[in-house]
Amino acid sequence: MTMYGWLCENPTGADQLQWKPLQLEAPGAGQVRVAVRAASLNFPDLLTVENKYQIKPALPFVPGAEYAGVVEAVGPGVTQLAVGQHVAVIGASGGFGTHALTSASQCLPVPADMPFEHAAAFAFTYGTTHHALMDRAALKAGETVLVLGAAGGVGSSAIQVAKAAGARVIAGVSSEEKADFCRTLGADATLNYATEDVRERLKALTEGRGPDVVYDPVGGHLAEPVFRSIAWRGRYLVIGFAGGAIPALPWNLALLKGASVVGVFWGDYVRREAAAFAQALQQLMGWYQQGLITPPIDRVLPLRELPQAYALMASRAVKGKLVMRHDG
Ligand SMILES: NC(=O)c1ccc[n+]([C@@H]2O[C@H](COP(=O)([O-])OP(=O)(O)OC[C@H]3O[C@@H](n4cnc5c(N)ncnc54)[C@H](OP(=O)(O)O)[C@@H]3O)[C@@H](O)[C@H]2O)c1
């Protein structure tokens, strides 16, 4: 029995991935086999195939950390899932193939009427953002949130979650096209950090107070001017470093604003605080069902076009999420 997948044998970049026939394996104890219908691309998928991510799957591996599909076989000891169940999966790898073996504990059952494209582009971004904004920053209605990289995967989810929580959102982006996109997602104002003076613009948009919460998946040279602009008792959420450089801040800035630098590590939060994550997911699914949050899908590509998707993400050309589709 054969399946197909994009195999990474040499983790030096997405151009090394090869579409290959692979053995279709039976699930072991505690595992299920999922017939993959959709998989989304997240920035860590880019880092993983370059051997730059903190989690390094054993070689060779099929990348794809977030996907959705149908359970088609269950291994010994699995009682919580049955064949035919629709699931979303968050793991380290496996999604960019026609089938994936995964631990049953990494599967989130999803309603049968949730499109696979949405199920495959939900928990990673919205889960990270819920943990960041609602839990780590304790965001309150009426506060102002500045989202950097706001047109990206986690950034676009932050616009929607902050709006669902009753906050005001300033979307920070690198182009006018991305600014327009963020306004369609509900952003109240935008900051083009490629062309505008960051500190002056934030001052003008907040009557001099600065944003209460900053959501930063970009890092690099933006961090310091933004931190200098943060409001009294501000919370600066360290989400990631898509810009490449890890910033260093003079600590006196935190003192002067009574502000906090708050780390966000969603993967470990899910492992360490499973009950809290389950509750967060329930709230997110409720918001999804009310139409308050919907994954903004830039485009759906056939799974065989994965290299094109990697190239789009690496060139900052994606607005929202890229989803790969496999129709079985
Ligand atoms: N802490 C956690 O638990 C956690 C969870 C999920 C993701 N993350 C991290 O969050 C970051 C964003 O992930 P994502 O999936 O949202 O990525 P994404 O969809 O590619 O979005 C990243 C955004 O960053 C901006 N950016 C600035 N410089 C860039 C560069 N040199 N290359 C690419 N993008 C650049 C881009 O917006 P502009 O062009 O508008 O600047 C882009 O829209 C990653 O570092 C990821 O590892 C962290």
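Residues numbered from 1 in each chain as written. Predicted model: local features only at pLDDT ≥ 70, side-chain atom pairs only at ≥ 80, totals over all residues. Heavy atoms only, no water.

Draft legend 1. Up close: the overall build of the protein chain. On a plain count of helices and strands, the protein chain comes out with 11 helices and 15 strands. By sequence separation, contacts in the protein chain at least 24 residues apart represent 68% of the contacts at least 6 residues apart. When the accessible surface of the protein chain is summed, it comes to about 14200 Å², and 53% of that surface belongs to carbon and sulfur atoms. Charged side chains of the protein chain number 27 positive and 27 negative; the gap between the two group centres comes to 4 Å. (Helix = DSSP H or I, 4+ residues; strand = E, 2+ residues; numbered from the N terminus. Contact = heavy atoms within 4.5 Å. Areas by Shrake-Rupley, 256 points an atom, 1.4 Å probe, with all protein chains shown as cover. Lys, Arg positive; Asp, Glu negative; His and termini not counted. Charge placed at Lys NZ, Arg CZ, Asp CG, Glu CD.)

Draft legend 2. Local environment of the pattern of salt bridges. All told, the structure shown has 17 salt bridges when counted by the stated rule. A salt bridge links Glu224 to Arg228, with the shortest nitrogen-to-oxygen separation between them at 2.7 Å. Of the two residues, Glu224 and Arg228 both sit in helix α7 (residues 223–229), four residues apart, roughly one turn of that helix. Residue class for Arg228 comes out partly exposed when judged on its relative accessible area of 34%. Each of Glu117, Arg325 and Asp327 takes part in a single network of salt bridges with overlapping partners. (Salt bridge = Lys/Arg side-chain N within 4 Å of Asp/Glu carboxyl O. Buried < 20%, exposed > 50% of the residue type's maximum accessible area, 1.4 Å probe, protein only.)

Draft legend 3. Geometry of the pairing of strand β9 (residues 168–173). Of all six residues in β9, five are buried; the element is thus mostly enclosed. Where strand β8 (residues 144–147) meets β9, four bridges bridge the pair, whose relative direction is parallel. For Val145, the partnering residue across the bridge sits in β9 and is Val169. Between the parallel elements β8 and β9, the chain passes through helix α4 (residues 153–164) in a crossover that is right-handed. Pairing of β9 with strand β10 (residues 189–192), which is carried by four bridges, proceeds in the parallel orientation. Each residue of the ladder has a partner; that of Ile170, found in β10, is Ala189. Chirality of the crossover, the property in question, places the unit of β9, helix α5 (residues 176–184) and β10 among those that are right-handed. (Pairing = 2+ DSSP bridges. Right-handed = clockwise from strand over helix to strand, strands pointing away.)

Draft legend 4. Inspection of the packing of aromatic side chains at higher detail. Tallied over the full model, the rule gives nine aromatic pairs. Ring geometry for Phe96 versus Tyr310: centroids 6.2 Å apart, planes at 80 degrees, classification edge-to-face. Of this pair, Phe96 sits in the loop between β5 (86–90) and β6 (99–103) while Tyr310 sits in helix α11 (residues 306–314), placing them 214 residues apart in sequence. Of the residues examined, Tyr310 reaches a relative accessible area of 2% and is grouped as buried. Between Phe124 and Trp266, the aromatic rings sit 5.6 Å apart at their centres with planes inclined by 75 degrees, giving edge-to-face as the arrangement. Of this pair, Phe124 sits in helix α3 (residues 123–136) while Trp266 sits in helix α9 (residues 266–272), placing them 142 residues apart in sequence. A residue is classified by how much of its surface remains accessible, and Trp266, at 7% relative accessible area, is buried. Taken together, the ring pairs in this structure connect Phe124, Trp266, Tyr269 and Phe277 into an aromatic cluster. (Phe/Tyr/Trp six-rings, centres within 6.5 Å; stacked < 30°, edge-to-face > 60°.)

Taken by themselves, the reported measurements are silent on function.
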